[in-house]
Amino acid sequence: MGLVLIYSAVLFVIAITAVADLRTTTAEVAGATLVVFGSAVLVGFLVMPLGWNADDALDPRRFAYLPLSRLTLAALLLLVGAISIPTVMLVGLTIAQIVAWSGTLASALVSVLSGLIVIGTAVVGARLASLVAARYLSTRRLRESFGIVAVTLVVASLPIAVMLALADYQSQVLPVIRRLAAALEWTPLGAAFSAPASAAAGDTGDVVGKLAIALGFLAVLAACWYFLLGFVLSRPERSAVETYRSGLGWFRLMPATPLGAVAARSLSYWARDARYFVALAAIPIIPIGMVAALLVGGIGADVIAWIPVPVMCLFLGWSAHNDVAHDNTALWTHVSAHTRGSDDRWGRIVPNLLVGIPLAVMGSILTVVIVGNGEALPGLIGLSLCVLFAGLGVSSVSSAAFPYAAPLPGHGAFIQPQALVSNAATVQSFTFALSTLFAVPVLAIVLFNPFTTLQPNWAAFIVGVPLGLLVLVIGVYWGGRIMVRRGPELLALSSQN
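Residues numbered from 1 in each chain as written. Predicted model: local features only at pLDDT ≥ 70, side-chain atom pairs only at ≥ 80, totals over all residues. Heavy atoms only, no water.

Peer 1: Would you mind going over the overall build of the chain with me for this structure?
Peer 2: Of regular secondary structure, the chain possesses 23 helices and 0 strands. Evaluated residue by residue, the chain yields a buried proportion of 44% over its 497 residues. A separation threshold of at least 6 residues defines the contact pool for the chain, and within that pool the share at least 24 residues apart is 79%. Within the structure as shown, the chain displays about 25400 Å² of accessible surface, and the carbon and sulfur contribution to it stands at 73%. (Helix = DSSP H or I, 4+ residues; strand = E, 2+ residues; numbered from the N terminus. Buried < 20%, exposed > 50% of the residue type's maximum accessible area, 1.4 Å probe, protein only. Contact = heavy atoms within 4.5 Å. Areas by Shrake-Rupley, 256 points an atom, 1.4 Å probe, with all protein chains shown as cover.)

Peer 1: In this structure, what is going on with the pattern of salt bridges? I would like to understand it.
Peer 2: Here the idea is simple: oppositely charged side chains can pair when their charged atoms come close. Tallied over the full model, the rule gives 7 salt bridges. Asp327 serves as the salt-bridge partner of Arg265, at 3.2 Å between the closest nitrogen and oxygen. With Arg265 in helix H12 (residues 258-272) and Asp327 in the loop between helix H16 (308-318) and helix H17 (331-336), this residue pair connects regions lying 62 residues apart in the sequence. Each of the two residues, Arg265 as well as Asp327, counts as buried. Across the pair Arg348 and Asp327 runs a salt bridge, and its minimum N-O distance is 2.6 Å. Pair noted here: Arg348 is in helix H18 (residues 341-371) and Asp327 is in the loop between H16 and H17, with a separation of 21 residues, a long-range link. Members of the salt-bridge network, linked through shared partners, are Arg265, Asp323, Asp327, Asp344, Arg345 and Arg348. (Salt bridge = Lys/Arg side-chain N within 4 Å of Asp/Glu carboxyl O.)

Peer 1: What is the right way to look at helix H22 (residues 456-485) in this model?
Peer 2: Side chains of residues three or four places apart in an α-helix project in the same direction, reflecting 3.6 residues per turn. In this model H22 runs 43 Å from its N-terminal to its C-terminal C-alpha over 30 residues, within 8% of the 44 Å that 1.5 Å per residue would give. Where H22 begins, the side chain of Gln455 points an oxygen toward the backbone nitrogen of Asn457, at a separation of 2.8 Å. (Expected span 1.5 Å × (residues − 1). Polar contact = N/O pair within 3.5 Å; in protein donor to acceptor, adjacent residues only side chain to side chain.)

Peer 1: Would you mind showing me how to read the packing of aromatic side chains here?
Peer 2: Aromatic rings in a pair are described by how distant their centres are and how their planes are angled relative to each other. Evaluation of the coordinates by the stated rule reveals 6 aromatic pairs. Relative to Phe227, the ring of Tyr226 lies with its centre 5.5 Å away and its plane at 80 degrees, an arrangement referred to as edge-to-face. Centre to centre, the rings of Trp318 and Phe432 are 5.7 Å apart; their planes meet at 85 degrees, and the pair counts as edge-to-face. Of the two residues, Trp318 is situated in helix H16 and Phe432 in helix H20 (residues 424-437); the sequence distance between them amounts to 114 residues. The rings of Phe315, Trp318 and Phe432 are connected pair by pair, giving a single aromatic cluster. Of note, Lys210 hangs over the ring of Trp186, and the distance from its end group to the ring centre comes to 5.1 Å. (Phe/Tyr/Trp six-rings, centres within 6.5 Å; stacked < 30°, edge-to-face > 60°. Lys NZ or Arg CZ within 6 Å of the ring centre and 35° of its normal.)

Peer 1: Is there a simple way to explain empty space enclosed by the protein in this structure?
Peer 2: Space left empty within the atom packing is revealed by a probe, the size of a water molecule, rolled over the atoms. For the coordinates displayed, the defined rule picks out 3 cavities of 30 Å³ or more. What lines the largest cavity is Ala301, Asp302, Ala305, Trp306, Val368, Val371, Asn373, Ala376 and Leu380. Among the secondary structure elements, those contributing two or more residues to the lining of the largest cavity are helix H15 (301-304) and H18. Tallied by class, residues from the lining of the largest cavity come to 7 nonpolar, 1 polar and 1 charged. (1 Å grid on protein atoms, 1.4 Å probe; cavity = no way out; pocket = protein on both sides within 12 Å on 5 of 7 lines; lining within 4 Å. Points joined across faces, edges and corners; volume = space filled by probe spheres on them. Nonpolar A, V, L, I, M, F, W, Y, C, P; charged D, E, K, R; others polar.)

Peer 1: Can you help me understand unusual backbone geometry in this one?
Peer 2: Note: most peptide bonds trans; most residues except glycine with negative phi. Positive phi is not limited to glycine here, since His338 has a value of about 55 degrees. For His338, a relative accessible area of 70% puts it in the exposed group.

Peer 1: Explanation requested: the packing of helix H3 (residues 70-81) against helix H5 (residues 105-136) in the structure shown.
Peer 2: In helix packing, the relevant descriptors are the interaxial angle and the interaxial distance, both defined with respect to the helix axes. Contact pair H3 / H5: the axes reach a minimum separation of 10 Å and the direction vectors enclose 110 degrees. What the angle tells us is that H3 and H5 run roughly perpendicular. Contact residues: Leu77, Leu78 and Gly81 in H3; Val123, Val124 and Arg127 in H5. Of the residues assigned to the contact of H3 with H5, the class counts are 4 nonpolar, 1 polar and 1 charged. (Axes fitted to C-alpha atoms, helices over the stretch in contact; angles between N-to-C directions. Parallel < 35°, antiparallel > 145°, perpendicular 65-115°, else oblique.)

Peer 1: What is the right way to read the side chain of Ser398 from this model?
Peer 2: In this structure, Ser398 sits in helix H19 (residues 377-401). Classification of Ser398 as buried rests on a relative accessible area of 3%. Looking at Ser398, its side chain comes within polar contact range of the main-chain oxygen of His321, at 3.1 Å.

Peer 1: In this structure, what is going on with the packing of H16 against H20? I would like to understand it.
Peer 2: At their nearest, the axes of H16 and H20 sit 10 Å apart, and the two run at 135 degrees to each other. Overall, the two elements H16 and H20 adopt an arrangement that is oblique. Handedness of the crossing formed by H16 with H20: right-handed. Touching Leu314, Phe315 and Trp318 of H16 are Gln428, Thr431, Phe432, Ser435 and Thr436, all from H20. Across the contact of H16 with H20, the residue classes break down as 4 nonpolar, 4 polar and no charged. (Left-handed = near helix turned anticlockwise from the far one by under 90°.)

Peer 1: Which parts of the structure should I look at to understand the environment of Phe430?
Peer 2: Along the chain, Phe430 falls in helix H20. When its relative accessible area of 52% is taken as the criterion, Phe430 is described as exposed. Along the sequence, Phe430 and Ser398 sit 32 residues apart, while their C-alpha atoms lie 9.4 Å from each other.

Peer 1: Explain a nonpolar patch on the surface here, please?
Peer 2: Judged by side-chain polarity, Leu66, Leu68, Leu76, Leu79 and Val80 come together as a nonpolar surface patch covering roughly 400 Å² of accessible area. Tracing the backbone shows Leu79 in helix H3. Residue Leu79 is classed as exposed on the basis of its relative accessible area, which comes to 56%. (Patch = residues over 30% accessible without salt bridge, like charges linked within 9 Å, V, L, I, M, F, W, Y side chains within 5 Å.)

Peer 1: Help me understand the environment of Ser342 in this model?
Peer 2: As for its position among the elements, Ser342 is in helix H18. Considering only alpha carbons, one finds Ser342 and Ile482, 140 residues apart in sequence, at a separation of 10.0 Å. Contact partners of Ser342, with chain neighbours within four places excluded, come to Val476, Tyr477 and Gly480.

Peer 1: Explanation requested: the confidence of the model for the chain in the structure shown.
Peer 2: Do not read the fine detail of predicted coordinates wherever pLDDT is low. Averaged over all residues, the pLDDT of the chain equals 78, while 77% of them reach at least 70. In the model of the chain, helix H1 (residues 2-20) stands out as the element of lowest mean pLDDT, 52, in contrast to H19, which has the highest, 92. Across residues 1-7, where pLDDT falls below 50, the model places 0 contacts with residues more than four positions away in sequence or in other chains. (pLDDT = per-residue confidence, 0-100.)

Following this line, the structure appears as structure tokens:
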């Protein structure tokens, strides 16, 4: 959390400095830049509260018992909601915008007025979005799904940011910003930001029209906030709707054996439990940031091609390293039925294999097609399957030998339970490093080609797949023996999560 605050503070200082420095440019360039990036900031205030409104301290229903009128309560909630770190940052950016337009008295005065409108719009819009989330996105699955989409969009925008950072601003970036500003300056998002530029150019009619649009948008948001507040206060809180499913689901499709039963239960977890599907959805996001960082460093496509699919397979295998702790009291069914350890271990990794093997093969094929290097296909498949199998083998041992406190069933994937002593960081680091270690021989073959009679990529495939399978088989049976020996102890530990 401290690193996030430091990172945000650094970005805030950079943004304020950049906005204030716009006073040295022309009014047209400053206006276009502020319209585009100001609109993006305003969208963040209007949309992002929808994603993490898990427990809103300013939920109006908490204050329904107070002897306050709806108008008074709405005003007080807006006033208190304005006291937040994002709002303080927005105030700082607004002051920097005023500095940027300090060249003439008219543009400075209009920038003050537009800044006040922007701050009011951001505060009212954020409270309205929070109220919508509290009323209509009340289930954890909806909130976390929205959070995944938001994080995916943010990470997916990294390559665009990298391209903008590497491009020439005057010849490549500024024309795009001008076109975007032309489309946004007469919309509710950009009108307030473009009004000072019109004032600097002496277009009084444009200034009045844009400020009217901005004020009208603020009035609409305030009216929606006021009436939705009354709607929420006059109706009971929504409760989760029970869903009833008929049939046996995965249990009907899997074999009627202990291994099949464990596999069916694991597949059901992956489909319904937020602790599993949120982690699964986050796996494709990780390589995007790595690829963006390498693009900044000028690394070629032939090298970057070896990263996305193997990294996803690595995290997919590593994701099972604490699977036993997620069972909580359900682990009792395994212990009481005297399930064979190997059946338990194989059944738990069936979902990982069903997803990971097609990912390794099809993802590798897609990668070499995009890069245009078909010779790398065997080596890329061999490396991907090696880290997938090795990660599952290591995880099969660690989940039985070194489990740690995990979120309870029904809780969110981002909730970490309190524990007096936790070895989570140690276990996570050790299992991840050990899973990565098995990729070293495969990469060494690709780089140094010790086999004189065999093409290096085919040699990597021939070595990587059997190596991964060997680690997987050893890990499954070793972890199974630990599971049988420590069954009651693991049940006691998982029940205390």
